Amino acid sequence: MTSLSPSPHGALPTVGFIGLGNMGSGMTKNLQAAGYPLVVTDLRRESAATLLDGGARWAESPREVAAASDLVITMLPTPKHVAAVAAGADGLVAGLADGGTWIDMSTSVPEVLEGIRQAEAHRGLHLLDAPVSGMSVGAANGMLQIFVGGEADEVARLRPVFEAMGDPERILHVGGHGAGYAVKLMINQLWFSHLVATAEVLSVGVAAGVDLGVLRDALVASPANSNFVEHDVLSILDHGDYDEGFAIALACKDLGLSVDLARSVGMPVELSSLVEQIFRRARAQYGDRAGEMTPVRLYEELLGQDLRRESPIEVAA
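Small disclaimer: the values here were computed from a predicted structure and weren't measured.

A. Just the environment of Val 183, in detail. Note on placement: Val 183 falls in helix α9 (residues 179-207). Taking the C-alpha atoms as reference, Val 183 lies 26 Å from Ala 87; in sequence the two are 96 residues apart.

Structure below.
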């Protein structure tokens, strides 16, 4: 396996990166700032302009990225995109050298990499799943949470790369191959469930005549508190921000993958299925590009008013 530590001369390995969207743009910026040489590609060459100005190389295909890199990272919207980038004569897998490393940091499902792992078993490839949490802000600030599925020695070898993109205290080895995908889907599912439950509770309380700020503070002080109630919902209550940095179309994709995972392991998920349908209703009503927190608007419309605190409370840094 290629060492990912600096050589005696200080040279870092070359990282190939495919997918320069809201998340990938911040992740590559931080890799470049940490000194990693980059080879990149995307559907839109203009998305790489800043990276290219900083010394990154552009590649015309996923195969070219892999052939020119010591390891490859993908950050793509859906499992179908991951599979498409991997496959074919110009695909990533064709460009990987025997023994090469590919880290998929997309929110995906185990089947994609597992199929490749089995088909290419004779080549000794190192394929890890390492999806992230932290949204585009975390990607830009290099403070992502990263959930890595793979062998322990692989994770240890790749830790310097993960630390260039994420919070060192929240880079977690969560199990073997596929465990990273599963953990990320469960985190997303619970967060989306928190969103719907919080929207319902706040709307009912306000309709019953309770001041919104008082109600939210009471929830924070209670056993029902959550990170969503204490922190995440404030973007709506104080600023009317439904987080358009992550489109509801992608949220619906993640919810569908979560429910599919439950089906594949034989677990009934009645609540998760209902949350998925609420998100899909919001997507149908407000459009694919609406923010991931837009389901709150469904409840605001039923309530007949926006959920806004009159006097936002500034939280000390």
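B. Broad picture of helix α15 (residues 295-303). The set of residues buried in α15 consists of Pro 295, Val 296, Leu 298, Tyr 299 and Glu 300. Close packing links the buried residues of α15 with α9, α12 (234-239), α13 (248-264) and α14 (270-286).

C. Here's a closer look at the confidence of the model for the protein chain. Predicted confidence across the protein chain gives a mean pLDDT of 94, with 95% of residues reaching 70 or more. Counting contacts from residues 5-9, a segment whose pLDDT is below 50, to residues more than four positions away or on other chains yields three contacts.

D. Geometry of the nonpolar core. With 33 residues, the main nonpolar core has Leu 31, Ile 73, Met 105 and Phe 162 as its most contacted residues. Among the secondary structure elements, those contributing two or more residues to this core are β1 (15-18), α1 (22-33), β2 (38-41), β4 (71-74), β8 (144-149) and α8 (152-165). Among the elements that line this core, the one with the most residues is α8, at six residues. Setting aside chain neighbours within four positions, we find Leu 31 in contact with Val 15, Phe 17, Tyr 36, Leu 38, Ile 73, Val 161, Ala 164 and Met 165. Counting residues in hydrophobic clusters, the runner-up holds 32 residues, among them Leu 219, Tyr 286, Met 293 and Val 296.

E. Region of interest: the packing of α9 against α14. Contact pair α9 / α14: the axes reach a minimum separation of 10 Å and the direction vectors enclose 65 degrees. By the criterion of interaxial angle, the relationship of α9 to α14 is roughly perpendicular. Viewed along their axes, α9 and α14 form a crossing whose handedness is left-handed. Of α14, the residues touching α9 (which contributes Gln 189, Phe 192, Ser 193, Leu 195 and Val 196) are Ser 272, Val 275, Ile 278 and Phe 279. Residues that form the contact of α9 with α14 fall into these classes: six nonpolar, three polar and no charged.

F. Spotlight on unusual backbone geometry. At Met 135, a position not held by glycine, the phi torsion is positive, near 60 degrees. On the secondary structure map, Met 135 appears in helix α7 (residues 135-141).

G. Layout of the packing of aromatic side chains. Tallying each qualifying case throughout the model produces three aromatic pairs. Geometrically, the ring pair formed by Trp 191 and Phe 192 is edge-to-face, given 5.7 Å between the ring centres and 75 degrees between the ring planes. Phe 192 matches Trp 191 in its accessibility class, with the two residues each being buried. Clustering of aromatic rings is evident, with ring pairs tying together Trp 191, Phe 192, Phe 228 and Phe 279.

About the thresholds
- Residues numbered from 1 in each chain as written.
- Predicted model: local features only at pLDDT ≥ 70, side-chain atom pairs only at ≥ 80, totals over all residues.
- Heavy atoms only, no water.
- Helix = DSSP H or I, 4+ residues; strand = E, 2+ residues; numbered from the N terminus.
- Buried < 20%, exposed > 50% of the residue type's maximum accessible area, 1.4 Å probe, protein only.
- Contact = heavy atoms within 4.5 Å.
- pLDDT = per-residue confidence, 0-100.
- Core = buried A, V, L, I, M, F, W, Y, C linked by side-chain atoms within 4.5 Å.
- Axes fitted to C-alpha atoms, helices over the stretch in contact; angles between N-to-C directions.
- Parallel < 35°, antiparallel > 145°, perpendicular 65-115°, else oblique.
- Left-handed = near helix turned anticlockwise from the far one by under 90°.
- Nonpolar A, V, L, I, M, F, W, Y, C, P; charged D, E, K, R; others polar.
- Phe/Tyr/Trp six-rings, centres within 6.5 Å; stacked < 30°, edge-to-face > 60°.

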